[in-house]
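Topology and contacts: notes
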Amino acid sequence: MSRRVVRQSKFRHVFGQAAKADQAYEDIRVSKVTWDSSFCAVNPKFLAIIVEAGGGGAFIVLPLAKTGRVDKNYPLVTGHTAPVLDIDWCPHNDNVIASASDDTTIMVWQIPDYTPMRNITEPIITLEGHSKRVGILSWHPTARNVLLSAGGDNVIIIWNVGTGEVLLSLDDMHPDVIHSVCWNSNGSLLATTCKDKTLRIIDPRKGQVVAGDSSIRYFEITDEPPFVHYLNTFSSKEPQRGMGFMPKRGLDVSKCEIARFYKLHERKCEP
């Protein structure tokens, strides 16, 4: 019986490649807030980046095609009274984005297809329920108008954005600061990481932890042993402040593109 030496995989030749210089977004005043956030969110229409702003918090929204140097007077999305800590595009409407702030509120915004003449200052709705800063946002992947937020009060709230009501509050599961939250593909489970060095798998319908671990890593997952396979490493001279991942529907499949992320530097964003 012959022994297969090279493992079969459609991702075997995956590699990372930086975009050309003229495809980057230059001279952006990226927020200097010391918060563990990606500061960047992207969808097939827009690139959003949290920026420095006097007198409150703001982020900039650029059409993907508007590459090059960004005008210092380009209109911002501004309405929070303290720095913006996280932003997330709605997966069901490319013109809707949510922002979370140090002012304890969440705001949901409608972004027009045209470039506005002045700052956008009026959100669709403001959600209030956290007692401390809100640093994490995540839209439900399948249910419309359902948004998750996590704050410095160690509480996770799931909102009905259409009505502004709290659907669920998980306030006794994390003894310390929540670092990150992620839905599974159909929104039936949550994964959270916490300062107590524990990864929790939570069933929000039951309101209980169903599993836990201390670390998480990303590789190719297969159905055959050993199930988890290291793929490759993309290295760069410049460290990143954060990054936003393009949804699958925004990829260029004609170029065999399987993933794209927008890497945030000190003064620019590089696809």
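Nothing here was measured: the structure is a model prediction, and the numbers come from that model.

Secondary structure summary: the chain contains zero helices and 23 strands in total. Seen through its C-alpha atoms, the chain measures out along the principal axes to roughly 70 × 50 × 30 Å. Classification of the 271 residues of the chain by burial places 44% in the buried group. Put simply, 45% of the contacts in the chain that link residues at least 6 apart link residues at least 24 apart. Here the chain has roughly 15600 Å² of accessible surface; of this, 51% comes from carbon and sulfur atoms. For the chain, the distance from the average site of its 31 positive side-chain charges to the average site of its 30 negative ones is 7 Å.

Domain assignment breaks the chain into domain 1 (21-181) and domain 2 (215-270). With both sides pooled, the region where domain 1 packs onto domain 2 buries about 1500 Å², and carbon together with sulfur makes up 57% of that total. Our count for the domain 1 to domain 2 interface comes out at two salt bridges. The shortest N-O distance in the salt bridge between Arg249 and Asp94 comes to 3.0 Å. Counting only elements with at least two residues in the side of domain 1 that touches domain 2, the list comes to β1 (25-26), β2 (40-42) and β3 (46-51).

Pairing in this open sheet of five strands is mixed, and the strands run β5-β1-β23-β22-β21 from one edge to the other. Of all strands in the sheet, those bounded by a partner on one side alone are β5 (68-69) and β21 (242-245). Here β1 pairs with strand β23 (residues 268-270) via two bridges, running antiparallel. Following the sheet pairing, Tyr25 is matched in β23 by Cys269.

Glancing now at the state of the cysteines. If you walk through the whole model with that rule in mind, you get zero disulfides. Note on Cys90: no disulfide assigned, nearest cysteine sulfur contributed by Cys182 at a separation of 16 Å.

This brings us to the packing of aromatic side chains. All chains considered together, the criterion is met by four aromatic pairs. An angle of 45° between the planes, with centres 6.5 Å apart, marks the rings of Tyr25 and Tyr262 as tilted. Residue Tyr25 is found in strand β1, and its partner Tyr262 is found in strand β22 (residues 261-264); the two are separated by 237 residues along the sequence. A relative accessible area of 3% places Tyr262 in the buried class. Residues Phe245 and Phe261 carry aromatic rings whose centres are separated by 5.5 Å and whose planes lie at 40° to one another, so their mutual orientation is tilted.

As a further point, take the UniProt feature "repeat: WD" (unreviewed entry) in the chain. UniProt records the feature "repeat: WD" (unreviewed entry) at residues 77-119, 127-169 and 171-212, using the numbering of this structure. Across residues 77-119, helical content stands at 0% and strand content at 51%; the span's end C-alpha atoms are separated by 6 Å. When the span residues 127-169 is considered, its composition is 0% helix and 56% strand, and the gap between its end C-alpha atoms is 13 Å.

Turning our eyes to something else, we now look at the sheet that holds strand β9 (residues 105-110). Here four strands make up an open sheet; going across it, the order is β7-β8-β9-β10 and the pairing antiparallel. Pairing within the sheet leaves two strands with one partner each, and these edge strands are β7 (84-89) and β10 (125-128). On average, adjacent strands in this sheet sit at an angle of 20° to one another, irrespective of strand direction.

Between side chains of opposite charge, a pair can form when the charged atoms approach closely. As enumerated under the stated definition, the model contains eight salt bridges in all. Across the pair Arg200 and Asp196 runs a salt bridge, and its minimum N-O distance is 2.6 Å. On the basis of relative accessible area, Arg200 is assigned to the buried category, the value being 11%. For Arg260, the salt bridge goes to Glu257, with nearest N and O atoms at 2.9 Å. Salt bridges linked by common partners bring Asp27, Arg69 and Arg267 together as one network.

Further remarks concern the nonpolar core. Leu47, Ile49, Phe59, Ile111 and Tyr262 are the most contacted members of the largest nonpolar core, which has 39 residues in total. Looking at this core, the elements that each hand over two or more residues are β2, β3, β4 (57-63), β7, β9 and β22. Sort the elements by how many residues they give to this core and β3 lands first, with six residues. Residues from two domains meet in this core; each of domain 1 (21-181) and domain 2 (215-270) gives at least three. With near-sequence residues (within four places) excluded, Tyr262 lies in contact with Tyr25, Cys40, Val42, Leu47, Leu64, Gly242, Met243, Gly244, Met246, Cys269, Glu270 and Pro271.

Cut-off values and rules
- Throughout, a residue's number is its position along its own chain's written sequence, starting from 1.
- Reporting in this predicted model follows two pLDDT cut-offs: at least 70 for local features of residues, and 80 or more for side-chain atom pairs to be given and counted; totals over whole chains, interfaces and linings ignore these cut-offs and use all residues.
- Heavy atoms throughout the structure, all of them, feed into the side-chain values; hydrogens and water do not.
- Helix numbering and strand numbering both begin at the N terminus, where a helix is a DSSP run of H or I of at least 4 residues and a strand a DSSP run of E of at least 2.
- The buried label goes to any residue with under 20% of its type's maximum accessible area, the exposed label to any with over 50%, and the partly exposed label to all in between, with areas taken from a 1.4 Å probe on protein chains only.
- Any pair of residues with heavy atoms lying within 4.5 Å of one another is described as a contacting pair.
- Exposure was quantified through the Shrake-Rupley algorithm and a 1.4 Å probe, taking into account, for residues, occlusion by the shown protein chains and nothing else.
- Under the convention used here, Asp and Glu are negative, Lys and Arg are positive, and both His and the chain ends fall outside the count.
- Where a charge lies is defined by one atom per residue type, namely NZ (Lys), CZ (Arg), CG (Asp) and CD (Glu).
- For the domains described, the bounds stem from an automatic or database domain assignment.
- Throughout, buried area stands for the accessible area (probe radius 1.4 Å) lost by two parts on being put together, summed over both.
- The salt bridge definition used is simple: a Lys or Arg side-chain nitrogen within 4 Å of an Asp or Glu carboxyl oxygen.
- If DSSP finds at least two bridges between two strands, the strands pair.
- Two cysteine sulfurs form a disulfide in these notes if their separation is within 2.5 Å.
- Here the aromatic set is Phe, Tyr and Trp, taking the six-membered ring for Trp, and pairing holds for ring centres within 6.5 Å; pairs whose planes are under 30 degrees apart are stacked, those over 60 apart are edge-to-face, and all others are tilted.
- UniProt positions are given in the numbering used here, feature names are shortened, and annotations may be inferred rather than shown by experiment.
- For helices, the fitted axis covers only the stretch in contact; all axes are lines through C-alpha atoms, and the angles between them, taken along N-to-C directions, range from 0 to 180 degrees.
- By convention a nonpolar core is built from buried Ala, Val, Leu, Ile, Met, Phe, Trp, Tyr and Cys residues, the set being connected through side-chain atoms within 4.5 Å.

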